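Notes for the structure review
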Amino acid sequence: MKRAFFYICLWALAMQTTAFARLSVVTLPGRDSVQLTIYNSADLTLVRETRFLTFRKGLNKLEFSWANTLIDPTSVEFRALTHADKVEVLDVSFPPRVTNTLEWRINSEVAGEVQVEIRYFTSGISWSADYVAEASRDEKRMDLAGAVRVNNNSGEDYDNAEIRLVVGVIKLVQDIADLARHGRPGPENMPTTVALDEMDKKDDAVRNRALGAMADAAQTAEARPREIIKENLSEYFLYTVEGRDTIPNGWSKRLPSFQASDLPVASYYKFEREQWGDQVVRFYRFKNDKENKLGNEPLPDGDVKAFRFVTADKLYSFVGRTAVKYIPIGEQVEMMLGNDQEVMCKPTLMNWEKTDIHFDGNGAVTGWTVKESWQVEAQNSKDIDITLDVRRNFSGDWSLATDSKYEKVDASKVKFVIPLKSREQQKLAYELTTRYGTNAAR
Amino acid sequence: MRHARLAAFFLTLLLGCVPASHETARQVFDRTVREYHLPSAEAFGPQREKLLAQSASGYELALQLGGNDRPLCAAALRSLANVRAEQGRLDEAVKLWSQVGRQYPTCDWEVLQAWKSAADLLWDAGRRNDAAPFYRQIFQRFRSVPSPIEQSVARAASRRV
C-alpha cells in the first residue's frame, strides 16, 4: 500500500522531555480511505486521507514523511474527525534523524480510537479524458462512452482511492499555476514547492488563497455533487469517478466515467477547398443536453475515436479520430472525423469572361467585370444517405446567379446544402460575377 | 573521514564524471537522500556511522555543485546539519542550520525547518537560552503565514520564547 519512505507512525510519550524516544509503538495504521481531487490545470492534486489512530491519553507523536514524493509539505494538515475538541496539535517538529519528515506532537484527552484526516497537495498526478463513439449503420444514433486516464508520477501509491476530477479552470488555481511557471527554476518538472518557495510574500498569499479555494471547492462540491459551480468568472465542475481504484506510482490507469446509449446524432459532410483542399470531411454533431440523453455534466476535452456499425450483426468500421474541447452542458458538439473518400465533391470552372471594361482619358483600364461559370459535381458512394455542405468563398464585389438553393454564411462565403441518397450523383451550377475597379460598388 | 572521501569518490564515479551543473547537483542530492540518509535511520552501529558519513559527503558535494540553485542548496545545507546532529556534533549542526536562514532567506520552508530543528535540539539538550532566539525568529517570521504547518510551528514557538 505504501511506498518505503511514506509512512505514518504513532508513538506515545511518557514525558515530553524525552524527545524522540520511541517508548512504544501504539499502531501502524493504514489509510482508511483516500480521496484524490485532481486539478489538471495547475498540476496539483488535493489528497485527503482518513485513518483510524489509537491515541493514548496525553502526548502522542505522529510522523509523516514526504521523502521521494512530490507532496507539498507546507500544505500538510492534520485534524481529528472524531473527538475533535479533545485532540489538539501542540507542535510540529522536523526530526534530524530522518529527512523530509515532520512530526506532529498531539495532545489527546481521550484514550482510544480517533478518526483523523490528513490533507495535503501533491503534484505529479494528472488525468485526461477520452471517448469512444459508436454510430449506428445509418449514422443517426450513437453510443458514447467516456473514460479518464489517471497518470500517477507523484512518487506515492494511492490504494483504493476515490478519484475526483476538476473539469474547467478555477481562476485562483490558474493564478498559482502562472506563478509557479513564472518563478520556477531548474527543470520543468521540478516540484511546485520549489518554485513556490522562491516566491515573495505577495505570491505566497495568492498561493495560499488558491490552495484554500481548491480545498473549499472540494468541500462544497462534496455537498452538492455533479453540479456546476461558478466562481470568479470561471466555470468548473467536480466530477467523481464512480467506485474506487488503486493508482500505483508510475502507473497510468484508464477508468470508465460514463456511458450514454442511443443518443441522436447528425452526421454530415463538408467541402471547403480553402480549409481542407479537395477532400470531403465528415462530422458528427450532437448536443450535450438532457433531450439528447446527455447533459448530466460538462464533458472534459479529450480524444474521440469514432466507429460505425456496418452490418446488422454489428461488425463495425473505424470512422476516424479527433479531439474535442471542453463541452459545457447545453452546448453543441461538432466532431471532425477526417476525410471520407466515399464522398466526392469537385468544383470545375466551365467558362470565364471579362466584360464591361472601362477606360480613363489616357486609355488605362479603370473598371472591369469577370463572369465565371462553375459546375459542382457531388457524389455519394456510400450505402447510406448523407447531407453534403459545400462552401464556396468569394472576394470583392460579387454576386451569384444559380437555380440551386444556397445560403449566405458571411460577406464572402456561401453554402449549398445537398442531400445525397446512397450512390447518388448530383450537379449544381452557378455563375459568379465579380466587379473590379470603378465597376465595384463596395 | 575516509568514508566521506570514499562516498564523494563513488558519487562522482556513479554520475559518470559529468560536468558540474544544477541537474548533477540535484541527482547527487536525490541519491544521497535515497541511498544513504534514509537508510541511516534504520541502521545501527558502524553501518549507521558509515551511512551518515556518506550522507554528509553527498550533501557537501551537492552544495558545491548547486551553484545558484537556491532551493536545492538550502535543502542540502539543512540536510547536512541534520546529519551532523545525528553524529552528535550539535554545535556544528546548529551553526549549519543558522546558515540556512542567512544564506537562503527566501527559502521559507527550509528556513523554518532549520530554525525549528535547531531550537528543538537545543531546548531538549537543556540549552534553553540558546534555543530562545530561534523560537523568537520563527514566531516573528511565520506567525502570520496561512499555512497550517507553519502556523502550528509558530504557535508552539511562541510558548517557548
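Since the structure is predicted, the reported quantities are computational estimates derived from the model, not experimental observations.

Some remarks on the overall build of chain A
Tallying secondary structure elements over chain A gives four helices and 28 strands in all. Relative to its full complement of 442 residues, chain A shows a buried share of 51%. Looking at chain A alone, contacts between residues at least 24 apart form 71% of all its contacts between residues at least 6 apart. Summed over its atoms, the accessible surface of chain A is roughly 20200 Å², and 48% of this surface lies on carbon and sulfur atoms.

Looking at unusual backbone geometry
Leaving glycine aside, a negative phi is the common case for residues, and trans is the common case for peptide bonds. All names here are of chain A. You will see that His83, though not glycine, has its phi angle at about 55 degrees, which is positive. Tracing the backbone through its elements, the reader meets His83 in the loop between strand E6 (71-80) and strand E7 (87-93). Even without a glycine there, the phi angle at Arg423 is positive, about 65 degrees. Using a relative accessible area of 58% as the deciding quantity, one classes Arg423 as exposed.

Some remarks on the packing of helix H4 (residues 70-86) of chain B against helix H6 (residues 108-124) of chain B
Residues and elements named next belong to chain B. Two elements in contact, H4 and H6, have axes separated by 9 Å at closest approach and are oriented at 15 degrees. Overall, the two elements H4 and H6 adopt an arrangement that is roughly parallel. Every pair of crossing elements has a handedness; the one defined by H4 and H6 is left-handed. Touching Ala74, Ala75, Arg78, Asn82 and Ala85 of H4 are Glu110, Gln113, Ala114, Ser117 and Leu121, all from H6. Considered class by class, the residues forming the contact of H4 with H6 number five nonpolar, three polar and two charged.

As for the nonpolar core
All names here are of chain A. Counting 111 residues, the largest nonpolar core has Phe78, Trp104 and Met335 as the members making the most contacts within it. The residues contacting Phe78, other than those within four sequence positions of it, are Leu53, Phe55, Leu62, Val87, Val89, Trp104, Ile106, Val116, Glu117 and Ile118. The next biggest cluster of nonpolar side chains, apart from the first, holds 22 residues, and it includes Val343, Cys345, Trp398 and Leu420.

Quick word on the pattern of salt bridges
Side chains that differ in charge, positive against negative, can pair when their charged atoms come close. Residues and elements named next belong to chain A. Within the structure shown, the criterion is met by 38 salt bridges over all chains. Put simply, Asp85 and Lys86 hold a salt bridge, and the shortest N to O gap is 3.7 Å. For Asp85, a relative accessible area of 63% puts it in the exposed group. The partly exposed category is assigned to Lys86, whose relative accessible area is 31%. Among the salt bridges present, the one from Arg308 reaches Asp383, with a minimum N-O distance of 3.6 Å. Within this pair, whereas Arg308 is found in strand E19 (residues 302-309), its partner Asp383 is found in the loop between strand E23 (365-380) and strand E24 (386-393), the two being separated by 75 residues in sequence. When salt bridges that share partners are traced, they join Arg137, Glu139, Arg282, Arg308, Asp340, Glu342, Lys382 and Asp383 into one network.

Here is what the cut-offs are and how they apply
- Residues numbered from 1 in each chain as written.
- Chains lettered and ligands numbered in written order.
- Predicted model: local features only at pLDDT ≥ 70, side-chain atom pairs only at ≥ 80, totals over all residues.
- Heavy atoms only, no water.
- Helix = DSSP H or I, 4+ residues; strand = E, 2+ residues; numbered from the N terminus.
- Buried < 20%, exposed > 50% of the residue type's maximum accessible area, 1.4 Å probe, protein only.
- Contact = heavy atoms within 4.5 Å.
- Areas by Shrake-Rupley, 256 points an atom, 1.4 Å probe, with all protein chains shown as cover.
- Axes fitted to C-alpha atoms, helices over the stretch in contact; angles between N-to-C directions.
- Parallel < 35°, antiparallel > 145°, perpendicular 65-115°, else oblique.
- Left-handed = near helix turned anticlockwise from the far one by under 90°.
- Nonpolar A, V, L, I, M, F, W, Y, C, P; charged D, E, K, R; others polar.
- Core = buried A, V, L, I, M, F, W, Y, C linked by side-chain atoms within 4.5 Å.
- Salt bridge = Lys/Arg side-chain N within 4 Å of Asp/Glu carboxyl O.

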